[in-house]
Amino acid sequence: MFQQKQTYELVPGDILLHPLYRPDGLLFVQKHKKLSESIIEHIKKQFPRDFPFLVVSSEPQLNEFMLAGEHTSRAFIEAMKQLIDIHKQFIQVPITAAIYDIEIAEETNVQPIFLSELNIFAPTWGLIEKTLDSTRLLRRAKEMDERLNLIISKDKEILNLYQKIKRYHDVLAIHSINTTSIALMIGLTLELRDEDLINLCLATLFADIGFTEVPKEQFVVYLNNERANKELIQLHLKHSIELISTSTYCRQKEIIYGILDHHEHFDGVHSPNKKSGESIHLYGRIIAIAQYYDELVGGYIGEKSYTSFEALEAVWNERGKKLDPHILRIFLDKTTLYKVGQLIQIRPYEWATIIGFTDYIHTPLRPIVQKHDGTAIDLSRKR
């Protein structure tokens, strides 16, 4: 009943039988998502034409597939394992069968998933382990996982709030998941206190929950428009604060200020509340970086989709303007993103290894790289 298709064969209406992860390791498309023409175009930007997918062609077929138990059949499990072997070649972080479907996992000791109570997916751990340049920071990340789950177990409103996001729109749910992962990594590199890391994660997760109070059609228009709708931004900030106030834990002023300030620009230009520099709450400045990067790679705003390499450069170019330059520099210096020996995606479907830098201080995102064929390229000379 299920089919294996390649990128060029996908058509609107196809339903994915597995999640799809981006080359940077973050979630791209959720399992059982019906593909639209727009999503397929974003997939084509990130993956080659012969990249494999397992799909059914309609919702009745999906229902029949699940009711017949075909998702646990030997044929499907073998097809999934072959698919995952190919996907591994295009995803920067370590991936396992468990992150695609726990039922086909052969690992006996599957690592706990960050924010597992909220169904946040396991690649978060792969991304964190691959990115953080310190075992101490990685240990702190795992401690934050335990503390967050403890908080959630005592405050069911937090889980209810996340379920509200998931029910509203999958783009909002994926964006919330991914930006929380990125914000945690930024917070760790800034050496924030444990309490601040917890509050930063919750502020990031619910920064855009206010959109769930506006008609879904209005949210889709917002996504498809490159120019920000100032009235809608102010409205969603108001709704976000009202919604998180249902949780006793989320009423903390640090969380509230972080959410209120995440649309402010570091230089004060285009800031909805006219804040600038360090008058913008630290959480707001971190969330702004996380959201901007994820929007670019995810292709959520204005129908444009970037590779992770292109997105990081776009983020870097906004330092001192839209984004805090000091946070960006600390994050870059204390992670493995641009270090000698690291693989980076220099263009769609093509990876190269960093072998040096012409000027790391001024152009840290323009290294000298070596392609698989041995060719060396100085990206600082390529404009």
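The paragraphs below set out a description of the structure included in this document. The shown structure was predicted, so the numbers you read here are calculated from the model rather than taken from an experiment.

1. Examining the overall build of the chain
- A tally of helices and strands in the chain yields 14 helices and 9 strands.
- Its C-alpha atoms give the chain a radius of gyration of 21 Å, within 12% of the compact-globule value 21 Å for 383 residues.
- Seen along its three principal axes, the alpha-carbon backbone of the chain occupies a region of about 55 × 55 × 40 Å.
- A total of 383 residues make up the chain; the buried ones form 56% of that total.
- In the chain, of all internal contacts separated by at least 6 residues, the share reaching a separation of at least 24 is 64%.
- Split by element, the accessible area of the chain, about 16,900 Å² in all, is 51% carbon and sulfur.
- Of note, the chain has its 45 positive side-chain charges centred 3 Å away from the centre of its 51 negative side-chain charges.

2. Focus on the sheet that holds strand β2 (residues 15–16)
- In spatial order, the strands read β1-β5-β2; together these 3 strands make up an open sheet with antiparallel pairing. Pairing within the sheet leaves two strands with one partner each, and these edge strands are β1 (3–6) and β2.
- Taken together, the 2 bridges between β2 and strand β5 (residues 52–56) define a ladder with antiparallel strand orientation. Its bridge partner being in β5, Leu-16 is matched across the sheet by Val-55.

3. Some points on the pattern of salt bridges
- As enumerated under the stated definition, the model contains 21 salt bridges in all.
- Taking the shortest distance from any N to any O, the salt bridge between Lys-45 and Glu-310 comes out at 3.7 Å. Taken as a pair, Lys-45 in helix α1 (residues 37–46) and Glu-310 in helix α13 (residues 308–317) lie far apart in primary sequence, 265 residues in all.
- A relative accessible area of 28% means that Lys-45 is categorised as partly exposed.
- Lys-334 is the partner of Glu-191 in a salt bridge, and the nearest nitrogen-oxygen pair spans 3.1 Å. Remark: Lys-334 occurs in the loop between α14 (325–333) and β6 (343–347) and Glu-191 occurs in the loop between α7 (170–189) and α8 (194–205); sequence separation between them is 143 residues.
- Take Glu-191: its relative accessible area is 36%, and that puts it in the partly exposed class.

Rules used in this analysis
Residues numbered from 1 in each chain as written. Predicted model: local features only at pLDDT ≥ 70, side-chain atom pairs only at ≥ 80, totals over all residues. Heavy atoms only, no water. Helix = DSSP H or I, 4+ residues; strand = E, 2+ residues; numbered from the N terminus. Rg over C-alpha atoms; globule rule 2.2 N^0.38 Å. Buried < 20%, exposed > 50% of the residue type's maximum accessible area, 1.4 Å probe, protein only. Contact = heavy atoms within 4.5 Å. Areas by Shrake-Rupley, 256 points an atom, 1.4 Å probe, with all protein chains shown as cover. Lys, Arg positive; Asp, Glu negative; His and termini not counted. Charge placed at Lys NZ, Arg CZ, Asp CG, Glu CD. Pairing = 2+ DSSP bridges. Salt bridge = Lys/Arg side-chain N within 4 Å of Asp/Glu carboxyl O.

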